[in-house]
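Here are the chains, one letter per residue:
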Amino acid sequence: MDQGKILLFHIAPSKEKKIKKLCRNLGIHLINVPLRSYGQKIGFLAGITGFSRENSIYSGKDLQGEMLVFSGISSNKMDEFLEKYKEAALDPIDRKAVVTPHNIFWSPIELYEELGRERASL
């Protein structure tokens, strides 16, 4: 049964490996998005029907920090993931989001910047 997806951006390989294990145990599909795909829409990266690949390869700067995006995950499964993540004593990822009808059309860069603005306003 599909338990949703998590998109990872700018995560160190050692941390990604631990997150991958958590996801495997919870039945969550993990996608480590490469830098060259940062020009794509979040909807495409999450594999959402109706989104197709943009005809460009991103060649800009990488994100300054880590980002994690949940797609198609129930709130219970998300809570379970976050609990297991904390139990694993992994360093927190400051910028987390859920795919929404609004941000589905954004690039990872746009989402990262918006999450930064939201953090700064808190």
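Predicted model, so just to flag it, every value in this text is computed and none were measured.

Colleague: Requested: an account of the packing of aromatic side chains, with residues and values cited.
Modeller: Across all of its chains, the model carries five aromatic pairs by this definition. Ring centres of tyrosine 38 and tyrosine 58 lie 5.8 Å apart, and the angle between their planes is 35°; this geometry places the pair in the tilted category. Placement of the pair is tyrosine 38 in the loop between strand S2 (29–32) and helix H2 (42–45) and tyrosine 58 in the loop between H2 and strand S3 (67–71), with a sequence separation of 20 residues. Residue classification places tyrosine 38 among the buried positions, given a relative accessible area of 2%.

Colleague: I'd love a proper account of the sheet that holds strand S4 (residues 95–98), names of residues and values included.
Modeller: On the basis of which strands lie adjacent, the open sheet formed by four strands has the order S2-S1-S3-S4 and mixed pairing. Each edge of the open sheet carries a strand with a single partner, namely S2 and S4. The average undirected angle you get between the axes of adjacent strands in this sheet is 20°. The pairing of strand S1 (residues 5–9) with S2 spans four bridges and is parallel. Bridge assignment links leucine 7 to a residue of S2, and that residue is isoleucine 31.

Parameters at a glance
Residues numbered from 1 in each chain as written. Predicted model: local features only at pLDDT ≥ 70, side-chain atom pairs only at ≥ 80, totals over all residues. Heavy atoms only, no water. Phe/Tyr/Trp six-rings, centres within 6.5 Å; stacked < 30°, edge-to-face > 60°. Helix = DSSP H or I, 4+ residues; strand = E, 2+ residues; numbered from the N terminus. Buried < 20%, exposed > 50% of the residue type's maximum accessible area, 1.4 Å probe, protein only. Pairing = 2+ DSSP bridges. Axes fitted to C-alpha atoms, helices over the stretch in contact; angles between N-to-C directions.

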